[in-house]
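# Fold and contact review
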Amino acid sequence: MKYLFFSLFMFVGFNASSQVSRTRTTTLMGSRWGITLVANDSASAEHYIDTVIAEVSRIEYLISDWKPETQVSMVNNNAGIAPVKVTKEVLQLTQRAIHISQITNGAFDISFAAMEKIWKFDGSMTEMPGAEAVKKAVEKVGYKNILVDTLNSTIFLKLKGMKIGFGALGEGYAADKCRDMMLTKGIKAGIVNGSGDMSTWGKQPDGRPWSIGITDPFHRGDLYAIVPLRESSVTTSGSYEKYAEINGVRYSHIINPATGYPATGLVSVTVFGPSAEMCNAFSTSIMVMGKSAGFQLLKKFPDYSCIMIADNGKFYSSKGIHFKKYRVKT
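These notes cover the structure that comes with them. (Residues numbered from 1 in each chain as written. Predicted model: local features only at pLDDT ≥ 70, side-chain atom pairs only at ≥ 80, totals over all residues. Heavy atoms only, no water.)

## A short note on helix α5 (residues 170-184)
- In this model, α5 (15 residues) spans 21 Å end to end at C-alpha, consistent with the 21 Å of a helix rising 1.5 Å per residue.
- For α5, the set of buried residues is Gly-170, Glu-171, Gly-172, Tyr-173, Ala-174, Ala-175, Asp-176, Cys-178, Arg-179 and Met-182.
- Looking one or two places after α5, you find Gly-186, whose phi comes out positive at around 90°. (Helix = DSSP H or I, 4+ residues; strand = E, 2+ residues; numbered from the N terminus. Expected span 1.5 Å × (residues − 1). Buried < 20%, exposed > 50% of the residue type's maximum accessible area, 1.4 Å probe, protein only.)

## Here we look at the sheet that holds strand β5 (residues 146-149)
- Pairing is antiparallel in the open sheet, where three strands are placed in the order β4-β6-β5. Each having just a single partner strand, β4 (84-85) and β5 make up the two edges of the open sheet.
- Set on the sheet, helix α3 (residues 88-103) makes contact with β5 and β6 (154-157); between it and β5 the angle comes to about 135°. (Pairing = 2+ DSSP bridges. Contact = heavy atoms within 4.5 Å. Axes fitted to C-alpha atoms, helices over the stretch in contact; angles between N-to-C directions.)

## Observations concerning the pattern of salt bridges
- Within this structure, the stated rule accounts for 10 salt bridges.
- Residues Asp-176 and Arg-179 are paired through a salt bridge, measuring 3.6 Å at the closest nitrogen-oxygen approach. Residue Asp-176 and its partner Arg-179 are both found in helix α5; the two are separated by three residues, about one turn of the helix.
- For Arg-179, a relative accessible area of 13% translates into the label buried.
- Where salt bridges share partners, they join Arg-24, Glu-46 and Asp-50 into one cluster. (Salt bridge = Lys/Arg side-chain N within 4 Å of Asp/Glu carboxyl O.)

This is the structure in structure tokens:
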């Protein structure tokens, strides 16, 4: 779900009020973040942007699976060996991830990280991984083998070689945390955009709602939707930003945990709702589940809606989203 920062465009209106907005881009959690805050003066806005960056960095040093000193890395290093004590924050995030796995019948699974040894989406793959290698990697994937002990605050991965990763939750979680933090500090409007996992609140200084533009994956440079956001979060998962191209075939970076192979059928799923963490989880899950199962899933969560684009170019959306009238060229 990541790697979509440039597919989401913020439209900021003219500042006709006494408040000011300030925007900063930076690299956090290995990807590009954009932070926009509305405050009474520039100094306050810049100060609180610093606070947001510090909070995202704090979360990164808890849950990153590529930094060896984090709690999640210690859990992975002790897979099949021993439980690892973690903070309540990491424990609860893991519990929520397991719950999402349960409600999606495993389409979402943070233990898919074991597949990273098989698939590379950095342009280095030139041939398909062997079937046996994929099969062995899939054997290490399974949320039911993640044991959470709430009494002792530990996480244990039952199988050696297992690995958990929060790439499909972490940035949305951090964006939500920062939004909530800013609200408690009196910042009544802003956007925290973690590489496409976006939490918004309030309005622009001129009173208009924040709006985002979403890229048409078949016509790069065009937008298939410009959508106003009202106290909402949004995340897009897609197969067109990060992929492996082998023998002329493009393979998505979103892996089906059950098969070990890239998800097919949909090229883009954008989910809107109150939590960026849940939007991220749903968009990733729906890429794996497909259109019909994805809509059935969201029926159980009426606060969330989505736009899907199939690999045959057809567009589908939840009721109430009329994206065709927004289609524009950039």
